[in-house]
Amino acid sequence: MASEAVGVGPQAHYFAALSEGRFEIQHCGVCQACQFFPRTVCMHCGAQDLTWIRPSGRGTVYSTSVVRRKPEAGGDYNVALIDLEEGVRLMSQVEGIAATDVRIGMAVQARVRQKDAAPRLVFVTEAAE
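Note that the structure is predicted; figures quoted are calculated from it, not measured. (Residues numbered from 1 in each chain as written. Predicted model: local features only at pLDDT ≥ 70, side-chain atom pairs only at ≥ 80, totals over all residues. Heavy atoms only, no water.)

### Observations regarding the environment of I53
Right, on to step 1. Position of I53 among the secondary structure elements: in strand β3 (residues 50-53).
Right, on to step 2. Between the C-alpha atoms of I53 and I25, which are 28 residues apart in sequence, the distance is 5.6 Å.
Right, on to step 3. Those residues in contact with I53, other than ones at most four positions away along the chain, are F23, E24, I25, H27 and C34. (Helix = DSSP H or I, 4+ residues; strand = E, 2+ residues; numbered from the N terminus. Contact = heavy atoms within 4.5 Å.)

This is the structure:
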């Protein structure tokens with residue numbers, strides 16, 4: 001993989017980019033498909049011709065679930081599967097609205113946030129931008 005330093009795996013590259021505020025996914029130069037979670041070979045065709053791209057970040061909520069917690073433990077939050085325009089599906093959270101207000105089909109946009117000194121990928125609704 002040409003865009004990675006020697007000895008650094010794809011997962012390390014992904015988290016390093018997140019820590020610099022960049023959301024990146026892999027793109028295959030052979031079949032032209034994108035993939036997420038990072039791997040050393042294309043999950044679609046098995047090629048090793050993978051590069052890193054910055055996706056649009058635009059997506060749609062495919063599925064959502066509410067995790068219930070006591071208020072003193074931080075309150076309820078959602079876990080959502082998001083379909084990106086680039087054709088990949090990933091698990092994240094939708095922030096900025098109540099966990100119970102996240103809906104299947106909702107348009108969302110990716111954001112990189114810091115939480116507890118670690119970067120994480122979250123989504124916000126287009127109305128919250």
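Let's pick the thread back up.
### Considerations on the sheet that holds strand β8 (residues 107-115)
Right, on to step 1. Pairing in this open sheet of six strands is mixed, and the strands run β6-β5-β4-β8-β9-β7 from one edge to the other. Two strands lie at the open edges of the sheet, namely β6 (89-92) and β7 (94-95), each paired on one side alone.
Right, on to step 2. Sheet topology note: the β8/strand β9 (residues 118-125) ladder contains eight bridges and is antiparallel. In the sheet register, V108 faces β9, and the bridge partner there is T125.
Right, on to step 3. In the packing of helix α1 (residues 10-19) onto the sheet, contacts are made with β8 and β9, and the angle to β9 comes to roughly 70°. (Pairing = 2+ DSSP bridges. Axes fitted to C-alpha atoms, helices over the stretch in contact; angles between N-to-C directions.)

Purely geometric numbers; function is a separate question.
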